[in-house]
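# An overview of the molecular structure
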Amino acid sequence: MPFPSLGLAPALVHAAGTLGFLTPTPIQAAAIPAVLRGADVLGCAQTGSGKTAAFALPLLQRLQEGPRHTPRRVRALVLVPTRELAAQVGEVLRSLAQGLPQPPKVAVVFGGVSVNPQMMALRGGADVVVATPGRLLDLVQHNALRLSAVELLVLDEADRLLDLGFAEELHRVLALLPARRQNLFFSATFAPAVETLAAGLLQEPVRVEVAATPQDAPAILQRVIQVDAGRRTELLRHLLRADSPQSLGVAGGPGRALVFVATQYATEHVAWKLYKNGLFATPFHGGLSQGARRQVLEEFKAGRWDVLVTTDLAARGIDILQLPAVVNYDLPRSAVDYVHRIGRTGRAGESGVAVSFVSAATEAHMRLIEKRQHLSLPREQIAGFEPTEVEPQEKAAEAPGTGGIKGKRPSKKDKLRAAAARGQA
Ligand code: AMP
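Please read all numbers here as calculations on a predicted model, not as lab measurements. (Residues numbered from 1 in each chain as written. Predicted model: local features only at pLDDT ≥ 70, side-chain atom pairs only at ≥ 80, totals over all residues. Heavy atoms only, no water.)

Let us look at the confidence of the model for the protein. Confidence along the protein averages 84 in pLDDT terms, with 83% of residues attaining 70 or more. Across residues 212-217, where pLDDT falls below 50, the model places nine contacts with residues more than four positions away in sequence or in other chains. Every residue in residues 395-404 scores below 50 in pLDDT, and together they form 23 contacts with partners more than four places removed in sequence or on other chains. (pLDDT = per-residue confidence, 0-100. Contact = heavy atoms within 4.5 Å.)

Here we take up a nonpolar patch on the surface. A cluster of nonpolar side chains, namely Trp272, Tyr275 and Phe280, defines an oily patch on the protein surface of about 340 Å² accessible area. By the secondary structure assignment, Tyr275 is in helix H11 (residues 264-276). Among the residues examined, Tyr275 registers a relative accessible area of 37% and is labelled partly exposed. (Patch = residues over 30% accessible without salt bridge, like charges linked within 9 Å, V, L, I, M, F, W, Y side chains within 5 Å. Areas by Shrake-Rupley, 256 points an atom, 1.4 Å probe, with all protein chains shown as cover. Salt bridge = Lys/Arg side-chain N within 4 Å of Asp/Glu carboxyl O. Helix = DSSP H or I, 4+ residues; strand = E, 2+ residues; numbered from the N terminus. Buried < 20%, exposed > 50% of the residue type's maximum accessible area, 1.4 Å probe, protein only.)

Relative to the 21 Å expected for 15 residues at 1.5 Å per residue, helix H3 (residues 51-65) spans 22 Å between its end C-alpha atoms, a close match to the ideal helical length. Of all the 15 residues making up H3, twelve are buried; the element is thus mostly covered by neighbouring parts of the structure. For H3, the full list of buried residues reads Lys51, Thr52, Ala53, Ala54, Phe55, Ala56, Leu57, Pro58, Leu59, Leu60, Gln61 and Leu63. (Expected span 1.5 Å × (residues − 1).)

Taken in spatial order, the seven strands make up an open sheet running E3-E4-E2-E5-E6-E1-E7, and their pairing is parallel. Each having just a single partner strand, strand E3 (106-109) and strand E7 (206-209) make up the two edges of the open sheet. Across this sheet, the average inter-strand angle for adjacent strands is 10°, counted without regard to direction. Two elements, E3 and strand E4 (residues 128-131), share four bridges in a ladder whose sense is parallel. Within E4, the residue paired with Val108 across the bridge is Val130. Sitting on the sheet, helix H4 (residues 83-97) touches strand E2 (76-79), E3 and E4, and the angle it makes with E3 is about 175°. (Pairing = 2+ DSSP bridges. Axes fitted to C-alpha atoms, helices over the stretch in contact; angles between N-to-C directions.)

Orientation of helix H2 (residues 26-36) relative to H3, taken along the N-to-C sense of each, is 25°, at an axis distance of 9 Å. As judged from the angle between their axes, H2 and H3 are roughly parallel. Read as a crossing pair, H2 and H3 show a hand that is right-handed. Facing Ile27, Gln28, Ala31, Ile32, Val35 and Leu36 of H2, the residues of H3 in contact are Lys51, Ala53, Ala54, Leu57, Pro58, Gln61 and Arg62. Taken together, the residues of the contact of H2 with H3 sort by class into nine nonpolar, two polar and two charged. (Parallel < 35°, antiparallel > 145°, perpendicular 65-115°, else oblique. Left-handed = near helix turned anticlockwise from the far one by under 90°. Nonpolar A, V, L, I, M, F, W, Y, C, P; charged D, E, K, R; others polar.)

Time to look at the pairing of strand E6 (residues 182-187). A regular strand places its side chains so that they alternate between the two faces of the sheet. Among the six residues that make up E6, six are buried, leaving the element largely enclosed by the rest of the structure. Of the two faces of E6, the one lined by Gln182, Leu184 and Phe186 and the one lined by Asn183, Phe185 and Ser187 are each fully buried. Bridging between strand E1 (residues 41-44) and E6 involves four bridges; their strand directions are parallel. When the sheet's bridge partners are listed, Gly43 is paired in E6 with Phe186. Inspection of the sheet shows strand E5 (residues 152-155) paired to E6 by four bridges, in the parallel sense. Bridge pairing in E6 links Leu155 to Phe185.

In this section: the environment of Arg37. By the secondary structure assignment, Arg37 is in the loop between H2 and E1. Judged by relative accessible area, which is 60%, Arg37 ranks as exposed. When the C-alpha positions of Arg37 and Gly7 are compared, they lie 9.4 Å apart, and in sequence the two are 30 residues distant.

Residues Ala325 and Val327 of strand E12 (residues 325-328) are buried on one face, and the alternating residues Val326 and Asn328, pointing to the opposite face, are buried as well. Relative to E12, strand E9 (residues 257-260) is paired through four bridges, and the arrangement is parallel. Bridging across to E12, Ala257 finds its partner in Ala325. Pairing of E12 with strand E13 (residues 352-358), which is carried by four bridges, proceeds in the parallel orientation. Counterpart to Val326 in the pairing with E13 is Ala354.

Okay, the packing of aromatic side chains next. Under the criterion given, the structure shown has six aromatic pairs. Judged by centre distance (5.6 Å) and plane angle (45°), the ring pair of Phe55 and Phe186 falls under tilted. Of this pair, Phe55 sits in helix H3 while Phe186 sits in strand E6, and the two are 131 residues apart along the sequence. Each of the two residues, Phe55 as well as Phe186, counts as buried. Summarising the aromatic geometry, the rings of Tyr275 and Trp305 are spaced 6.3 Å apart at their centres and angled 55° between planes, so their arrangement reads as tilted. Note that Tyr275 is positioned in helix H11 and Trp305 in the loop between helix H12 (290-301) and strand E11 (307-310), a separation of 30 residues in sequence. It is Arg256 that lies over the ring of Phe300; its NZ or CZ is 4.4 Å from the centre. Above the plane of the ring of Trp305 lies Arg304, whose end atom (NZ or CZ) is 4.2 Å from the centre. (Phe/Tyr/Trp six-rings, centres within 6.5 Å; stacked < 30°, edge-to-face > 60°. Lys NZ or Arg CZ within 6 Å of the ring centre and 35° of its normal.)

In structure tokens:
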């Protein structure tokens, strides 16, 4: 079904075309008509499915249709978990809005950088604000913007918002919004906390669940390779070399990959070890300035780097088309993180491979991730890298370098309750 038959105005169809979006992805085909007729939407979609345009296109159309305010007032609010995603969503909105008869002003605000330029950018108001929740609340407190005219709210990557501990800020933002509004809720996973948030927010939502088809969720080959922890870098080098039989590389050159590690220190350490051995690898982490992060991403996109070694936090929202491989050098802490990591490959119709390294000490942790994702992945061993360490007993929740699986360790409250019970006994 082509874009025009979804009810989009010709100017927006044209704008989509200039970004190379000629045929809607399944999530776009399902969500756009629902948003245009004013329904709440509950979208189950991973990054890579085209979900940004699925809400950006109808959002822009609705803004064209509604009343204009002078000075400008925020009519659409998009909440996202990270600054990278905020910047990306802002970029998509601005590109699509460019050719509209009355282009809306899009402001992007996120924490970790000085608030002053963002306050300046909000002078004279904005029609659309893309924000991380904490910085948005700061700006409201500074009277830099008001949310009382919001007609359309988008929660993007709602599971990540909760996972990053934004629940409280989120509720504070929601309390500032008018009760009568349209809500669009997108999440890759639906843990109970996400379901509860959605249930409290949405009214008779249209559920848009895009079944995994080769077009929208291309085949991501998930591999689990057993290797001793101390030999992971060596194995990674081996896999990235084009001539090895189980290579992640492509003929004629080394593979391009996003490598996940547990800490900032490890991004530097692993990237340096790879670099010393002739691979163009560079670290990417939250300790780098915003400018440095942007530069690394641009250089990676331009092919200057083949391997980006990153943490979950830094990599969130990264959109690099045709990223062929994701490597879990350290396993993710939670099953939700696992889904988000592997979603960085196999984007927009491309196929990809996600490799997880497991050692004797992290095998049980991997099994927990598989259990939560209803997966059962075969274990591989690579000739020359067969593990020698033995799996310890009863180590399921405490994999080194991962901090154990989320939700499995006693919380502060659990500990207090246990202490109180001991006191009573
Ligand atoms: P998203 O899931 O929004 O992060 O989008 C993933 C990638 O798909 C982005 O690089 C988009 O530019 C691209 N994309 C989105 N919609 C389409 C479309 N209809 N046709 C082709 N590519 C698209």
